Structure formats: structure tokens, C-alpha cells
Amino acid sequence: MDILDGKILKGFGIVPKYIRKMKYMYIIKAESGLYIIRKTETSADKITFCHNIKNMIRRKGLRNFDSFECSEEGLPYFEWE
């Protein structure tokens, strides 16, 4: 992902104020918060598993760690190309 496609941002419902490319990821500042978007070779099943584990831990009270933002389709990833 050399160039961040607008379809990806739209797929997550992100309206960026500022985008900065750093190495293998994009840092995006938006009204709704700070995001990192990067390409991965990880399977959809593994991403969903990690997302579910993080949500379970968060429900049990631990809050100081990253999370996956769900796409407008309700998935913790966005398939592109």
C-alpha cells in the first residue's frame, strides 16, 4: 500500500484532518480520534480472533491497549484489492 486509497478511509467511516505516512503505515488524525492504517498479510480469521479477544479483555476492565476499528461492514478489517 504505497498510496492510501480514499476507499479505505470511507470503508472505516474516517474523515481525515491530517495524514502522515511513516514506514509501513499511515497515521491519521480525524475528528473522531487518531488511527493507524497499514497493510497486513494476516488472515481475516486471525484478525477477527484477535479483535474478539481484545474486546473480551476490555469488557473485563483492562483498557490501556490498542484495538481494531470496525469497518462500516462491522468487520475489524477492510479488504481492498
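Counting starts from 1 at the beginning of each chain's written sequence and moves along it residue by residue. For a predicted model such as this one, the threshold for reporting local features is a pLDDT of at least 70, and the threshold for listing and counting side-chain atom pairs is 80 or more; totals across whole chains, interfaces and linings nevertheless cover every residue. Based on all heavy atoms of the structure, the side-chain values leave hydrogens and waters out of the count.

## Here we look at the sheet that holds strand β3 (residues 33–38)
- The strand order across the open sheet formed by three strands is β1-β2-β3, and the pairing between neighbours is antiparallel. The sheet is open, and its two borders are formed by β1 (16–22) and β3, each paired with just one other strand. Between one strand axis and the next, the sheet turns by 20 degrees as a mean value, whatever way the strands run.
- Paired strands, in this sense, are two strands between which DSSP finds at least two bridges. Secondary structure counts use DSSP, requiring at least four H or I residues in a row for a helix and at least two E residues in a row for a strand, with both numbered from the N terminus. Where β1 meets strand β2 (residues 25–30), six bridges bridge the pair, whose relative direction is antiparallel. Counterpart to Arg 20 in the pairing with β2 is Ile 27. Convention adopted: a line fitted to C-alpha atoms gives each axis, helices being fitted over their contacting stretch, and angles between N-to-C directions are expressed from 0 to 180 degrees.

## So, the layout of surface pockets
- Size it by volume and the largest pocket reaches roughly 1,100 Å³.
- Here a cavity is any set of points on a 1 Å grid over the protein atoms alone where a 1.4 Å probe fits but cannot get out, and a pocket is any open set with protein on both sides within 12 Å along at least 5 of 7 lines; a residue lines the site when it has an atom within 4 Å of a point. The wall of the largest pocket is formed by 27 residues, among which Ile 36, Ile 37, Arg 38, Thr 40 and Pro 76 lie closest to the centre.
- Within the residue set of the lining of the largest pocket, elements represented by two or more residues are α1 (6–12), β3 and α2 (44–59).
- By residue number, the principal contributor to the lining of the largest pocket is β3, which donates five residues.
- Three categories are distinguished: nonpolar for Ala, Val, Leu, Ile, Met, Phe, Trp, Tyr, Cys and Pro, charged for Asp, Glu, Lys and Arg, and polar for the others, with Gly belonging to the last. Residue composition of the lining of the largest pocket, grouped by class: 15 nonpolar, four polar and eight charged. Grid points are joined across faces, edges and corners, and a volume is the space filled by probe spheres set on the points.

## Observations concerning the pattern of salt bridges
- We define a salt bridge as a side-chain nitrogen of Lys or Arg found within 4 Å of a carboxyl oxygen belonging to Asp or Glu. All told, the structure shown has two salt bridges when counted by the stated rule.
- Here Lys 17 ties to Glu 31 by a salt bridge, and the two come within 3.2 Å at their closest N and O atoms. One end of the pair, Lys 17, is in strand β1; the other, Glu 31, is in the loop between β2 and β3, and 14 residues separate them in sequence. By the burial criterion, Lys 17 is exposed, and Glu 31 matches it.
- Notably, a salt bridge pairs Lys 54 with Asp 66, separated by 2.8 Å at the nearest N-O pair. With Lys 54 in helix α2 and Asp 66 in the segment after α2, this pair connects stretches of sequence that are 12 residues apart. Exposure categories follow from relative accessible area, calculated using a 1.4 Å probe and restricted to protein chains: below 20% of the type maximum is buried, above 50% is exposed, and the middle band is partly exposed.

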